[in-house]
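A closer look at the structure
Each chain, written out:
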Amino acid sequence: MSEYLEDRRKLLAATAGAGAVAAAATAVPFVASLTPSSRAQAAGAPVEADVSKLAAGEMMTVEWRGKPVWILRRTPEMLAALEGHEQRLADPASAEKQQPGYAANRHRSINPEFLVVIGICTHLGCSPSEKFAPGAAQGMREDWPGGFLCPCHGSIFDLAGRVYLSQPAPTNLEVPPYQWLSEAVVRIGDDGSGDSA
Ligand code: FES
């Protein structure tokens, strides 16, 4: 086991309990709060999000088909951080079918600035936590480039949702179909191809 993984295992031992509680606490109220009509909407309809107020480095969440979809507005530094660790990723070039073709690139998005990804771990479905700060500031290793940590079993993903090698999660986070209706409005669940509904 690498030094990196040992460090992460210690961190997980300290945070796994809190993460499990947080996951349970957020999952139940969302489902319970849906009315029948909103439940039907959540089941299939595309959703639109206005990102005009999203500052660089911030992330917002919208619900699509009952799933959290993250929209992360990456800074130039975050985009630069997508390079340099790719030899430690399981699928750096997005060869697996975890995204539409227009997101099969290093930044896994249409517009490099905006990551649009389903915020559900591809292992057993927990919600990964933000670990955007590079380095050890958020309890990660010194050479951490920024990304996400799943609190349930420790899978780690970079700032494009690409999973690291030898993680419980087998694949990158899933990118939903989407399209930009304008510079500020993204439509999730419909990319205009007719295949995404
Ligand atoms: S559910 Fe994320 S690592 Fe297991």
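Let me sum up the structure you'll find in this document. The structure presented is a predicted model; accordingly, all values stated were derived computationally and were not measured. (Residues numbered from 1 in each chain as written. Predicted model: local features only at pLDDT ≥ 70, side-chain atom pairs only at ≥ 80, totals over all residues. Heavy atoms only, no water.)

1. Let's talk about the pairing of strand E2 (residues 59-64)
Judged from the six bridges that link them, E2 and strand E3 (residues 67-73) form a sheet pairing that is antiparallel. Residue pairing across strands places Val62 opposite Val69, the latter belonging to E3. What sits between the antiparallel neighbours E2 and E3 is a turn of two residues, in which Arg65 has the positive phi angle 55°. (Pairing = 2+ DSSP bridges. Helix = DSSP H or I, 4+ residues; strand = E, 2+ residues; numbered from the N terminus.)

2. Considering unusual backbone geometry
Backbone geometry places Ser94, a non-glycine residue, at a positive phi of 55°. Residue placement: Ser94 occurs in the loop between helix H3 (76-80) and strand E4 (114-118). Its identity as a non-glycine residue notwithstanding, Arg108 has a phi of 55°, on the positive side. Tracing the chain through its elements places Arg108 in the loop between H3 and E4. On the accessibility criterion, Arg108 (0% relative accessible area) is buried. (Buried < 20%, exposed > 50% of the residue type's maximum accessible area, 1.4 Å probe, protein only.)

3. Topic: the state of the cysteines
Within this structure, the stated rule accounts for one disulfide. Two residues share a disulfide in this structure: Cys126 and Cys152, whose sulfurs sit 1.9 Å from each other. Taking the sign of the S-S torsion, -90° for the link of Cys126 and Cys152, the bridge is left-handed. Linking Cys126 in the loop between E4 and strand E5 (129-131) with Cys152 in the loop between strand E6 (147-149) and strand E7 (156-158), this pair joins segments that are 26 residues apart in sequence. (Disulfide = S-S within 2.5 Å.)

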